[in-house]
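Breakdown of the fold
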Amino acid sequence: MKLSVSCFNSFKTPSLIELKKGAIPLHLAVIMDGNGRWASSRGLPRIVGHKKGADVLRETVITCKDLGIKYLTAYSFSNENWQRPRREVSELMELFVEVLGRELDGMIKNDVKLNLIGQREIIPPDVLSVFENAEKKTENNKTLFFNIAFSYGARQEITQAFKKIAQLYKEGEVELKSCNEKLIEKYLYTAGMPDPDLLIRTSGELRLSNFLLWQSAYSELYFTKTLWPDFNRKQFFLAVKDYQQRKRRFGRL
Ligand code: IPE
Ligand code: IPE
Ligand code: MG
C-alpha cells in the first residue's frame, strides 16, 4: 500500500499566474526573524544578516505588488528589541537610516505608501525624522500600503489606545455604551486597515512575539524554518499557495 503524505513542503512552487487564480491575501503580515542566526551560521557578524534581510524585504515588497497584495506589515524592530546589546541596536539604527534613504526613490516609483507603526516617542529623533520624511514623500501613493512595525509592541499599542479612550471618556467625548471593538480599532496604529489575512513567521519560532495581537485574531498563520535572509520569492509563493488551501471559517460553519 502506498501512503501519500501532503504537507506544504511537498508543494510544487506555483507560478505567479497560477497563484493569481486563487485567493490573494489583502493584508500580509510578516515577522522577519532569523537574520542573526543566518549570519552566525556563516561566521559573519549579525549585522550582515540584517543587511541581507533588508534586501529580502525589498524583494518582498515587489512580490506583494506583483501578487496584488494591498497591505504589507513587516515587523522590523520590536519594543523588546531595544533591550538588545547597545552595539546591535546602534548598528540596526544606522542600517534603518541607510536603507530608508536608499529605498525611498524605489518606493516612490513603485507607488508604495510607507507608514511607521510603533512607539514613536522612544525612537531617537534622527532616526524618526528619516521615517517621517519617507512617510511624507510617499503619502499620496496608493498601490501598496507598507507598514513598517518599528519600535512596535502590540501590548503597548493596545495600552495607548486604552489610554486615549479613557481620556475621551473622562472628557465626556465617549460614552460607555459606545465603547466597542470598532472604537478600539480606531485608536490602534492600524486604524482604517483590514486585519492581516496571512501572517508569516520565518526562522522556525512558533510564537507571535508581541506582534499584532489584536489584529491577528483570525489571521491564517504560516510558520517556516527558513531564515528571513533566505525567504525568497519561491518561499513566498509557497506560503501563499499554502494560504490558498486554508478554509477560513471565522467561527461559522
Ligand atoms: C530579526 O532577526 C530582526 C530583528 C529582530 C531586528 P533576529 O535579529 O531576531 O535574528 P535571530 O532570531 O537572532 O536569528
Ligand atoms: C521578533 O523577533 C521581532 C522581529 C522580527 C522584528 P525576535 O527575535 O525579537 O523575537 P523572540 O525574541 O525570538 O521572541
Ligand atoms: Mg529573532
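**Points about the site of ligand 2**
Within the structure, ligand 2 sits among Ile31, Met32, Asp33, Tyr75, Ser76, Phe77, Asn81, Arg84, Arg201, Arg207 and Ser209. One of the side-chain nitrogen or oxygen atoms of Asp33 is found 3.2 Å away from an oxygen atom of ligand 2. Ser209 is positioned with one of its side-chain polar atoms (N or O) 2.6 Å from an oxygen atom of ligand 2. Its free accessible area being 390 Å², ligand 2 has 78% of it covered by the protein chains. For the shell around ligand 2, the element with the most residues is strand E2 (residues 71-78), which contributes 3 residues. Its residues assigned to classes, the shell around ligand 2 shows 4 nonpolar, 3 polar and 4 charged.

**What to know about the side chain of Asn141**
By secondary structure assignment, the location of Asn141 is in the loop between helix H5 (125-137) and strand E4 (144-152). For Asn141, the side chain forms a polar contact with the main-chain oxygen of Val112, separated by 3.0 Å. Residues within four places of Asn141 in sequence aside, it is in contact with Met107, Ile108, Asp111, Val112 and Lys113.

**Section: the packing of aromatic side chains**
Across all of its chains, the model carries 15 aromatic pairs by this definition. Their ring planes at 10 degrees and their centres at 4.4 Å tell us that Tyr75 and Phe211 sit as a pair that is stacked. Taken as a pair, Tyr75 in strand E2 and Phe211 in the loop between strand E5 (198-201) and strand E6 (220-223) lie far apart in primary sequence, 136 residues in all. Across this residue pair, the class does not change: Tyr75 and Phe211 are buried. Seen from their ring centres, Tyr152 and Phe211 are 6.0 Å apart, and the 85 degrees between their planes marks the pair as edge-to-face.

**Quick look at the site of ligand 1**
In the region of ligand 1, 13 residues are neighbours, and Asp33, Gly36, Arg37, Arg46 and Arg84 sit closest. Within the contact set of ligand 1, an oxygen atom lies 3.2 Å away from a backbone nitrogen or oxygen of Asn35. In the environment of ligand 1, an oxygen atom lies 2.7 Å from a nitrogen or oxygen atom belonging to the backbone of Arg37. Out of a free accessible area of 370 Å², ligand 1 has 87% covered by protein chains. Elements with a minimum of two residues in the shell around ligand 1: helix H2 (35-40), helix H3 (46-67) and helix H4 (86-109).

**Notes on H3**
The first and last C-alpha atoms of H3 sit 31 Å apart over 22 residues, in line with the 32 Å expected at 1.5 Å per residue. Taken together, the buried positions of H3 are occupied by Ile47, Gly49, His50, Gly53, Ala54, Val56, Leu57, Thr60, Val61, Thr63, Cys64 and Leu67. Gly68 sits one or two residues past H3 and shows a positive phi near 90 degrees.

**Quick notes on H4**
Taking 1.5 Å per residue, 24 residues should reach 34 Å; H4 reaches 35 Å between its end C-alpha atoms and fits that length. Most pronounced at Glu103, the bend in H4 amounts to some 45 degrees. If you check which residues of H4 are buried, you get Glu88, Val89, Leu92, Met93, Leu95, Phe96, Val99, Leu100, Glu103, Leu104 and Met107. Among the structural elements, H3, E2, strand E3 (112-117), H5 and E4 are those in contact with the buried residues of H4. Positioned one or two residues after H4, Asp111 has a phi angle of 60 degrees, which is positive.

**Digging into the sheet that holds E5**
Across the sheet, which stays open at both edges, the 6 strands sit in the order E3-E4-E2-E1-E5-E6 with parallel pairing between neighbours. Strands with a single pairing partner mark the edges of an open sheet, and in this sheet they are E3 and E6. Taken over all neighbouring pairs, the strand axes of this sheet differ in orientation by 20 degrees on average, direction set aside. In terms of strand pairing, strand E1 (residues 27-31) meets E5 through 4 bridges, oriented parallel. Across the sheet, Val30 pairs through a bridge with Ile200, a residue of E5. Sitting on the sheet, H3 touches E1, E2, E3 and E4, and the angle it makes with E4 is about 145 degrees.

**Some details on the packing of H3 against helix H8 (residues 233-244)**
As a packed pair, H3 and H8 sit with axes 10 Å apart at the nearest point and diverge in direction by 45 degrees. With respect to H8, the element H3 is oriented oblique. Judged by the sense of rotation from one axis to the other, the crossing of H3 with H8 is right-handed. Between H3, through Thr60, Thr63, Cys64, Asp66 and Leu67, and H8, the contact on the second element is made entirely by Arg233, Phe236, Phe237 and Val240. In terms of residue class, the contact of H3 with H8 is made up of 5 nonpolar, 2 polar and 2 charged.

Thresholds applied
Residue indices follow the written sequence of each chain, beginning from 1 at its first position. Working convention: letters from A go to chains and numbers from 1 go to ligands, in the order in which they are written. Selection of residues for local features in this predicted model requires a pLDDT of at least 70, selection of side-chain atom pairs for listing and counting requires 80 or more, and totals for whole chains, interfaces and linings are taken over all residues. Only hydrogens and water are set aside; all other atoms, that is, all heavy atoms of the structure, feed into the side-chain values. In this text, near means that some heavy atom of the residue lies within 4 Å of the molecule or strand in question. Each polar contact in these results corresponds to two N or O atoms within 3.5 Å; when the atoms are within protein, one needs to be able to donate a hydrogen and the other to accept it, and residues that are neighboring in sequence are counted only if both atoms are side-chain atoms. Here the accessible surface of atoms and residues is derived via Shrake-Rupley with a 1.4 Å probe, and residues count as covered only by protein chains that are part of the display. Only DSSP runs of H or I covering at least 4 residues are called helices, and only runs of E covering at least 2 are called strands; the numbering of each starts at the N terminus. Residues were grouped as follows: Ala, Val, Leu, Ile, Met, Phe, Trp, Tyr, Cys and Pro as nonpolar; Asp, Glu, Lys and Arg as charged; and all remaining residues, including Gly, as polar. Residues are treated as being in contact if the distance between any of their heavy atoms lies within 4.5 Å. Within 6.5 Å between ring centres, the rings of Phe, Tyr and Trp (the latter by its six-membered ring) count as paired, and their orientation is classed by plane angle as stacked under 30 degrees, edge-to-face over 60, tilted in between. For each residue, the accessible area found with a 1.4 Å probe, counting protein chains only, is set against the maximum for its type, and the residue is called buried under 20%, exposed over 50%, and partly exposed in between. By this rule, a helix spans an expected 1.5 Å times one less than how many residues it contains. Two axes enter the definition of the bend at a residue: one is fitted to the seven residues ending there, the other to the seven starting there, and the bend is the angle between them. Between any two strands, at least two bridges found by DSSP are needed for them to pair. Lines are fitted to the C-alpha atoms to define the axes, a helix being fitted only along its stretch in contact, and any angle between axes, read from their N-to-C directions, falls within 0 to 180 degrees. For this classification, under 35 degrees means roughly parallel, over 145 means roughly antiparallel, 65 to 115 means roughly perpendicular, and everything else is oblique. Left-handed describes a crossing in which the near helix is turned anticlockwise from the far one by less than a right angle; the clockwise case is right-handed.

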